[in-house]
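# Structural overview
So the chains spell out like this:
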Amino acid sequence: MNRDSKHVPRPELIVRPPRNLASELAPQEVELVEEAYRRSREMLRSNVCAFGMLASSEKLGANYNAVWGRDGCICAIGALQTDDEELHRLAFRTLETLSGRIADNGQIPSYLLMNDADDAVAQVVYGGLGSVTTIDSNLWFILGVYAAMRRNPSDQLRDELLESCHRTLRHLQSIDADYCGLLEIPLAGDWPGILDRASHILYDELLWDCALQCAAEVLDSEGA
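Here we summarise the structure given alongside this text. (Residues numbered from 1 in each chain as written. Predicted model: local features only at pLDDT ≥ 70, side-chain atom pairs only at ≥ 80, totals over all residues. Heavy atoms only, no water.)

## So, the environment of D136
We count it as follows: The numbering of helices and of strands both runs from the N terminus, where a helix is a DSSP run of H or I of at least 4 residues and a strand a run of E of at least 2. The criterion used for residue contact is that any of the two residues' heavy atoms lie within 4.5 Å. Pairing of N or O atoms within 3.5 Å defines a polar contact, subject to two protein rules: one partner must be a possible hydrogen donor and the other a possible acceptor, and residues neighboring in sequence count only if both atoms are side-chain atoms.
The residue D136 is located in helix α5 (residues 135–149) in this model. Sequence separation of D136 and L207 is 71 residues, and the distance between their C-alpha atoms is 7.6 Å. Excluding anything up to four places from it in sequence, D136 contacts R70, G189, D190, W191, Y203, D204 and L207. Of note is the side chain of D136, whose polar atom sits 2.8 Å from the side chain of Y203.

## Some thoughts on the packing of helix α4 (residues 85–100) against α5
The condition that has to hold: Axis geometry follows a simple rule: fit a line to the C-alpha atoms, using only the stretch in contact for helices, then measure angles between N-to-C directions, giving values from 0 to 180 degrees. Roughly parallel means an angle under 35 degrees; roughly antiparallel means over 145; roughly perpendicular covers 65 to 115; every other angle is labelled oblique. We call a crossing left-handed when the near helix sits turned anticlockwise from the far one by less than a right angle, and right-handed when that turn is clockwise. In this classification, the charged set is Asp, Glu, Lys and Arg, the nonpolar set is Ala, Val, Leu, Ile, Met, Phe, Trp, Tyr, Cys and Pro, and all remaining amino acids, among them Gly, are polar.
Their axes nearest at 11 Å, the elements α4 and α5 cross at an angle of 135 degrees. As the angle between them shows, α4 and α5 are arranged oblique. As α4 packs across α5, the resulting crossing turns out to be left-handed. Two secondary-structure elements touch here, α4 through F92, L95, L98 and S99 and α5 through F141, G144, V145 and A148. Taken together, the residues of the contact of α4 with α5 break down into six nonpolar, two polar and no charged.

## Re helix α7 (residues 202–222)
For an α-helix, the turn length of 3.6 residues means that residues three or four places apart are oriented alike. Quick reminder of the rule: What a helix should span is 1.5 Å times the count of its residues minus one. Accessibility here uses a 1.4 Å probe with only protein chains present; expressed as a share of the type maximum, an area under 20% marks a residue as buried, one over 50% as exposed, and anything in between as partly exposed.
Given a rise of 1.5 Å per residue, 21 residues ought to cover 30 Å, and the 30 Å separating the end C-alpha atoms of α7 matches this to within 8%. When α7 is considered as a whole, its buried residues turn out to be D204, E205, L207, W208, D209, C210, A211, Q213, C214, A215, V218 and L219.

## Brief notes about the pattern of salt bridges
Which entries qualify depends on this criterion: In the sections that follow, a salt bridge refers to a side-chain nitrogen of Lys or Arg positioned within 4 Å of a carboxyl oxygen of Asp or Glu.
Summed over the entire model, instances satisfying the criterion amount to eight salt bridges. Residues E35 and R38 are paired through a salt bridge, measuring 2.5 Å at the closest nitrogen-oxygen approach. Of this pair, E35 and R38 both sit in helix α2 (residues 27–46), three residues apart, which is roughly one turn of the helix. On the basis of relative accessible area, E35 is assigned to the partly exposed category, the value being 27%. R45 serves as the salt-bridge partner of D84, at 2.1 Å between the closest nitrogen and oxygen. Within this pair, whereas D84 is found in the loop between α3 (69–80) and α4, its partner R45 is found in helix α2, the two being separated by 39 residues in sequence. The class for D84 is buried, based on a relative accessible area of 10%. When its relative accessible area of 28% is taken as the criterion, R45 is described as partly exposed. Through salt bridges with shared partners, a single ionic network connects E35, R38, R39 and E42.

## Some thoughts on the sheet that holds strand β5 (residues 120–125)
Cut-off, in case you're wondering: Two strands make a pair as long as DSSP finds a minimum of two bridges between them.
Taken in spatial order, the three strands make up an open sheet running β3-β4-β5, and their pairing is antiparallel. A single partner strand is all that each edge strand has here, and the edge strands are β3 (66–68) and β5. Neighbouring strand axes in the sheet, compared pairwise and without regard to direction, differ in orientation by 20 degrees on average. Across five bridges, strand β4 (residues 111–115) lies against β5 in antiparallel orientation. By the bridge assignment, N115 is partnered in β5 with A120. Packing against the sheet, α3 makes contact with β3 and β4, and its axis sits at approximately 75 degrees to β3.

This is the structure in structure tokens:
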């Protein structure tokens, strides 16, 4: 993944719609997949608030009643792979919420805590465990922008997401402290933040590689 490495094809899940596996499965397996797909869409619809997709519809704890950078973008990417326009709107709203709370330095929020009383944003949090930034929230946001552009959002949202994509890329590039092409992840700076690991972490570097390729395609196609 240095600057002279060959182009690595983007993961198929993000590039193309899910292929139809019906011809490869037994009838009872097809029925099971269709039921799982139906329930997955129902779950996405239930995990929502006025600002987008929540971490959970269950009251598991205060920070689950929140729109998370990671979870929200992953759910948005999945929703945008479907042909369900309601889910598309929820995905766009989630990305719009995160984009609208981008920090001055281009950092995407770790999560936005909701107020149960009036379904309003009670707090915008940029740090994760121990108030350390969540680097992968920014990476998932760029992948979410890529998925959104393929679904043709409104012109206003398109412009906002492109601007935020630029700013988030600049923020991430600043984390490449020695200009080697890899991100230097701080301790507890990604999804499994409870683990004692830092620097060049495979999970984050793979997301970074994919995010760069997706961002390049989006920005080139938009002339940005």
